[in-house]
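Here is how the chains run, residue by residue.
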Amino acid sequence: MINKEVVLTFGAHSDDLEIGMGATIAKYNQQGKYVVGIMFSRGDKSSPWLKEDYLINVRKEEADKIGKFIGCKETLILGLSDGKLQEEIENKKFKGLLRNLIKKYKPTSIYVHSKRDPHPDHRSVNRAVFEALDDVDPKKDINVYVYEVWNVLNETRPRIYVDVTDTFHIKLEAMKKFKSQKLYVYLLMVPVIVRAIFSGFHAGCKLAERFYKIR
Ligand SMILES: [Zn+2]
């Protein structure tokens, strides 16, 4: 039993959480919340020029280390195969596992990809988590938010801004630590900064991350 407020954060790939909400995770950790990072994919098809088993190891190590760095108390990799994510999510055993995770941690809030995310793996994760939630009782006590990774979402739900002025540097540092994904993470750096400034403008602070409250 964890004697703290638990926040479960779900991502399809190992860097989704850092890019989408890394500074918020760091902030929640500083506030004393128990944040758990949960990755669906094991990252085996994430680089066209590295061998699969090397990638799995590197990405697991990275995910653990970087997860800890931004403030996740635990990082779980569910080990699904890239490209077959949707298929493997449909597995009955996997559905049970997800349900049990939520029951075990008893989170007060959950963060997950949006069902309007253009990436099919991200949408699969959204569906899986909401299906699991439907089976968890009493689900009404859990706040559920979605976050953006690559794209601005066309969400109609209430926007929530988290002031991350003091922890944004941790997110940038964390993003730089993804060695296996270096090139593309660097390409993302500029839009991530621009988005934080833009969200900060809306929230009335310097830098912010944006979420949508689904329930
Ligand atoms: Zn992703």
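Structure shown above.
Just so we're clear, the structure is a prediction, and the values are computed from it rather than from any experiment.

K.L.:
Before we go on, may I ask you to explain the overall build of the chain in this structure?
P.N.:
For the chain, the count of helices and strands is seven helices and seven strands. Beginning at the N terminus, the succession of helices and strands in the chain can be written as β-α-β-α-β-α-α-β-α-β-β-α-α-β. Within the span of the chain, comprising 215 residues, buried residues form 52% of the whole. Across the chain, every contact between residues at least 6 apart in sequence was considered, and the portion connecting residues at least 24 apart equals 79%. For the chain, the accessible surface area stands at approximately 10,600 Å², while carbon and sulfur atoms represent 54% of it.

K.L.:
What am I meant to see in the packing of aromatic side chains here?
P.N.:
The description of an aromatic ring pair uses the distance of the two centres, along with the angle that the planes make with each other. This structure, assessed with the given rule, holds five aromatic pairs. The interplanar angle of 75° and the centroid separation of 5.1 Å between the aromatic rings of Tyr 111 and Phe 211 together place this pair among those described as edge-to-face. With a gap of 100 residues between them, Tyr 111 in strand E4 (residues 109–113) and Phe 211 in strand E7 (residues 208–213) connect regions that are remote in the sequence. With a relative accessible area of 3%, Tyr 111 lands in the buried category. Judged by relative accessible area, Phe 211 falls into the buried class, the value being 1%. Ring pairs connect the aromatic residues Tyr 28, Tyr 111, Tyr 145 and Phe 211, which therefore count as one cluster. Residue placement shows Lys 33 over the ring face of Tyr 28; its charged tip is 4.0 Å from the ring centre. Its end group placed over the ring of Phe 69, Lys 177 keeps NZ or CZ at 4.5 Å from the ring centre.

K.L.:
Explain the sheet that holds strand E3 (residues 72–80) to me, please; I cannot follow it from the model alone.
P.N.:
Sheets are built from strands that pair by backbone hydrogen bonding, the pairs being arranged parallel or antiparallel. One open sheet holds the seven strands; their spatial order is E3-E2-E1-E4-E5-E7-E6, and the pairing between them is mixed. Looking at strand neighbours, the two that pair on one side only are E3 and strand E6 (159–163), the edges of this open sheet. Direction aside, the axes of adjacent strands within the sheet are offset by 25° on average. Relative to strand E2 (residues 34–41), strand E1 (residues 6–11) runs parallel, the two sharing six bridges.

K.L.:
Even after reading the chapter, I still don't get the packing of helix H1 (residues 16–30) against helix H6 (residues 168–176), so can you show me in this structure?
P.N.:
A pair of packed helices is captured by two measures, namely the crossing angle of their axes and the spacing between those axes. Remark: H1 packs on H6, axes separated minimally by 8 Å, with the N-to-C direction vectors making an angle of 130°. Overall, the two elements H1 and H6 adopt an arrangement that is oblique. Taken as a pair, H1 and H6 cross one another with a handedness that is right-handed. Residues Glu 18, Ile 19, Gly 20, Met 21, Gly 22, Ala 23, Ala 26 and Gln 30 of H1 form the contact with H6, whose participating residues are Phe 168, Ile 170, Lys 171, Ala 174 and Met 175.

K.L.:
Mind showing me how you'd approach the environment of Cys 205 here?
P.N.:
Here Cys 205 lies in the loop between helix H7 (182–203) and E7. Each C-alpha atom of the pair Cys 205 and Val 162 lies 9.4 Å from the other, and the pair is 43 residues apart in sequence. For Cys 205, the contacting residues outside a window of four places in its chain are Asp 163, Thr 165 and Gly 200.

K.L.:
Looking at this model, I keep getting lost on the side chain of Thr 9. Mind explaining?
P.N.:
Mapped onto the elements, Thr 9 comes out in strand E1. In this structure the side chain of Thr 9 is engaged in a polar contact, spanning 2.9 Å, whose partner is the backbone oxygen of Val 36. Residues in contact with Thr 9, not counting those within four places in the same chain, are Leu 17, Met 21, Ile 25, Val 35, Val 36, Gly 37, Ile 38 and Tyr 111.

Definitions and limits used
- Residues numbered from 1 in each chain as written.
- Predicted model: local features only at pLDDT ≥ 70, side-chain atom pairs only at ≥ 80, totals over all residues.
- Heavy atoms only, no water.
- Helix = DSSP H or I, 4+ residues; strand = E, 2+ residues; numbered from the N terminus.
- Buried < 20%, exposed > 50% of the residue type's maximum accessible area, 1.4 Å probe, protein only.
- Contact = heavy atoms within 4.5 Å.
- Areas by Shrake-Rupley, 256 points an atom, 1.4 Å probe, with all protein chains shown as cover.
- Phe/Tyr/Trp six-rings, centres within 6.5 Å; stacked < 30°, edge-to-face > 60°.
- Lys NZ or Arg CZ within 6 Å of the ring centre and 35° of its normal.
- Pairing = 2+ DSSP bridges.
- Axes fitted to C-alpha atoms, helices over the stretch in contact; angles between N-to-C directions.
- Parallel < 35°, antiparallel > 145°, perpendicular 65-115°, else oblique.
- Left-handed = near helix turned anticlockwise from the far one by under 90°.
- Polar contact = N/O pair within 3.5 Å; in protein donor to acceptor, adjacent residues only side chain to side chain.

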